[in-house]
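Report on the structure
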Amino acid sequence: MRLGLVIDLDVCVGCHACAIACKEWNASGTTAPLTDYQPYGAEPSGVWFNRIRSYEVGEYPNNKTINFPMSCMHCEDADCVTVCPTGASYKRAEDGIVLVDQNKCMGCNYCSWACPYGARELDRESGTMKKCTLCVDRIYDLQIPIEERQPACVLTCPAHARMFGDLDDPGSAVSSVVRERGGYQLMPELGYNPTNHYLPVRTAKPIPTENLGKPGFKDKIKGIANRIVKR
Amino acid sequence: MHPAFSVIFFTVSSGAGFGLFTLLYLMDLFGLDGGLPVEQKLIAGILALVLVAAGLTSSMFHLANPKNAWRAFSRFRTSWLSREGVFAMAFYPFAIIYLGLTWLVLPELEVLRLMAGALATLLAWITLFSTGMIYGCLKTIRQWNSPLVPANYLALGHFSGALLLLAVASNGQVALTGYVTLVLALLVVAASLKAIYYFWIASPGTGSTIKTATGFTRGTVRLLDTGHTHGTFLTQEFGFQVARKFSLTLKTCVFLAGFVIPALILTVGGSAAITIYAAVLTALLGMVAERWLFFAEARHVVNLYHGAQHC
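Quantities reported herein were computed from a predicted structural model and do not represent experimental measurements. (Residues numbered from 1 in each chain as written. Chains lettered and ligands numbered in written order. Predicted model: local features only at pLDDT ≥ 70, side-chain atom pairs only at ≥ 80, totals over all residues. Heavy atoms only, no water.)

**Quick notes on the overall build of chain B**
The criterion, for reference: Strands here mean DSSP runs of E at least two residues long; helices mean DSSP runs of H or I at least four residues long; both are numbered from the N terminus. We compute the radius of gyration over the C-alpha atoms and compare it with the globule rule, which gives 2.2 Å times the number of residues raised to the power 0.38. Summary of the burial criterion: residues with accessible area below 20% of their type's maximum are buried, those above 50% are exposed, and those between are partly exposed, where the area comes from a 1.4 Å probe applied to protein chains only. Only the protein chains shown count as cover for residues, with accessible areas throughout obtained via the Shrake-Rupley method and a probe of 1.4 Å. Charge assignment: positive for Lys and Arg, negative for Asp and Glu; neither His nor the chain ends contribute. One atom stands in for each charge, and that atom is NZ of Lys, CZ of Arg, CG of Asp or CD of Glu.
Within chain B, the regular secondary structure consists of 10 helices and one strand. Ordered by position in the sequence, the α and β elements of chain B form the string α-α-α-α-α-α-α-β-α-α-α. Against the 2.2 N^0.38 benchmark of 19 Å for 311 residues, chain B shows a C-alpha radius of gyration of 22 Å, consistent with a compact globule. C-alpha atoms of chain B, sized along the principal axes, occupy 75 × 45 × 30 Å. Taking all 311 residues of chain B together, 55% fall into the buried category. Of the accessible surface of chain B, which amounts to about 13,400 Å², a share of 72% is contributed by carbon and sulfur atoms. Here chain B contributes 18 positive and 10 negative side-chain charges, whose respective centroids are spaced 19 Å apart.

Laid out in structure tokens, this is it:
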């Protein structure tokens, strides 16, 4: 089994709800707390497992904003695990989740140096490295309804831009969507073989704004309606 | 990369210590210039052990949770950081046996003394290589992921060690020509390797770019928003950037203080102890500048998610 996330960049609206849900769940999860420094001060900072960046791709007028959520990729060849001198970082054989044993970590930062995706953040209060657990304390919880046994970020996403499943199973929903939509991995050239995949933005026909020609009957009716109905 | 003083001191100090020990042993074995008096051998040996110990202690200050530091010896099969610790610890008993027998001067145990010294020297070389590989094995940092990095660590460790050996030898009543020649030979090797390294990292190569990092390969990619209002662990640890002009100035300082001035002092300054000490001090300052720059110039690929176009 190789559990991971598939993130649909075509529908992500960049609302940061996944990051907030992640923080909410994990602030009391297995690697809790996720310390905040100066949360109400001049320089707010803190530990987060999930961060959302926004990019502009292309030049105006052929440009597009793409929101880009990133958390641990649970790599197949996770260098963060091999470089760890204490054995605190490990990858579970049964489902491929990469975790940090908080009781063994000595806070040397070396795993964060080995991670190209910025998935690991040091908690200055506990002195240990913390990272996305893929909500390991939730996805196997038999006390909650089966449809809720998913990572907090996946459950909360209002746009359904996040999918969770087994990427080893070719028949799983995540594997099929990766196949159909041409899902890809980030920085494949480094050879980490990340489990998480990203679905590219669909190519849409641009909406014409110039040389539209004479308005037809439908457009005339629309124009009249727009004049009558006050916004 | 954020240049942490604890790690800079650790690599410079333990590098010089291991370099000093290996050269002390080789000079002892082959009897350079008739060999050093026992007193000088002991001073050099103890200085090497102290430098290594000071370096390892300094590296502890880099840890956020040092109470688990003992666990760092457990993963030597995969982690170069763990190997560094294990080999450094394995070095000590052999080095102590070698120095102890040197102190006692027992002709019947001479073979044992030389065997222990040989093993300690081998372990010192492996440890120095491991220190370099801690950085060299990281695929995420182009400036480090190069065989030149462990080569530099070995060369600079031996160069600074040779200088310290010369400083110790200058106190004894021995001819110094051999020691000075040794320093100058290692200086040429270390300076050449460092120059090749600087030349090599100057060109961006075919590494990761903002396009491979995001997968948006069809057009220009520009970061609009990082998603945080103030810095994060990632920006603090990896965001450090050295100004191009300053880095050039510092590189000049590395070569002047590290190599050119010590070479001039040793070739035209005479062999008074004080001038040799001046050369050692200048070179060590150059080594610290070199190590600071080694960290400051390293650009981690995570910067591609914080606005960098390439690393």
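On we go from here.
**A word on the side chain of Thr127 of chain B**
Residues and elements named next belong to chain B. Threshold: Two residues form a contact once any of their heavy atoms are found within 4.5 Å.
Among the structural elements, Thr127 can be located in helix α4 (residues 110–136). Look at Thr127 and you get buried, because its relative accessible area is 0%. For Thr127, the contacting residues outside a window of four places in its chain are Phe18, Glu84, Phe87 and Ala88.

**Here we look at the side chain of Ser172 of chain A**
Under the convention used in this document: Here a polar contact means two N or O atoms within 3.5 Å. Within protein one must be a hydrogen donor candidate and the other an acceptor candidate, and residues neighboring in sequence count only if both atoms are side-chain atoms.
Relative to the helices and strands, Ser172 of chain A resides in the loop between β10 (162–166) and α6 (173–181). A polar atom in the side chain of Ser172 of chain A sits 3.0 Å from the side chain of Ser175 of chain A.

**Thoughts on helix α3 (residues 80–104) of chain B**
Which entries qualify depends on this criterion: Here the expected span of a helix is defined as 1.5 Å times the quantity of residues minus one.
With 25 residues, α3 of chain B should reach 36 Å at 1.5 Å per residue; the first-to-last C-alpha distance of 36 Å fits that figure. After α3 of chain B finishes, the residue Val105 of chain B shows a positive phi value of roughly 50°.

**A few points about the pairing of strand β1 (residues 3–8) of chain A**
All names here are of chain A. Quick note on the threshold: Think of it this way: DSSP has to see at least two bridges between two strands before they count as a pair.
In terms of burial, β1 is largely enclosed, as six of its six residues are buried. Relative to β10, β1 is paired through five bridges, and the arrangement is antiparallel. If you follow Leu3 over to β10, its bridge partner there is Asp166. Bridge count for β1 against strand β11 (residues 197–199) is three bridges, and the pairing is parallel. Looking at β11, one finds that Val6 is bridged to His197.

**Some remarks on the UniProt feature "transmembrane region" (unreviewed entry) in chain B**
All names here are of chain B. Let me state the cut-off plainly: UniProt positions are given in the numbering used here, feature names are shortened, and annotations may be inferred rather than shown by experiment.
The residues that UniProt annotates with the feature "transmembrane region" (unreviewed entry) are residues 7–27, 42–64, 85–106, 112–138, 150–170, 176–201, 248–268 and 274–294. Secondary structure content for residues 42–64 is 83% helix and 0% strand, while the C-alpha to C-alpha distance between its ends is 36 Å. End-to-end, the C-alpha atoms of residues 112–138 are 39 Å apart, and along that stretch the chain is 93% helix and 0% strand.

**A short note on the sheet that holds β1 of chain A**
Sheet strands pair by backbone hydrogen bonding; their relative direction is either parallel or antiparallel. All names here are of chain A. What counts is decided by this rule: Helix axes are fitted to C-alpha atoms over the stretch in contact, other axes to C-alpha atoms as well, and angles between N-to-C directions run from 0 to 180 degrees.
One open sheet holds the three strands; their spatial order is β10-β1-β11, and the pairing between them is mixed. Here the strands that pair on one side only, and so sit at the sheet edges, are β10 and β11. Direction aside, the axes of adjacent strands within the sheet are offset by 25° on average. Against the sheet, α6 contacts β1, β10 and β11, and its axis sits at roughly 120° relative to β10.

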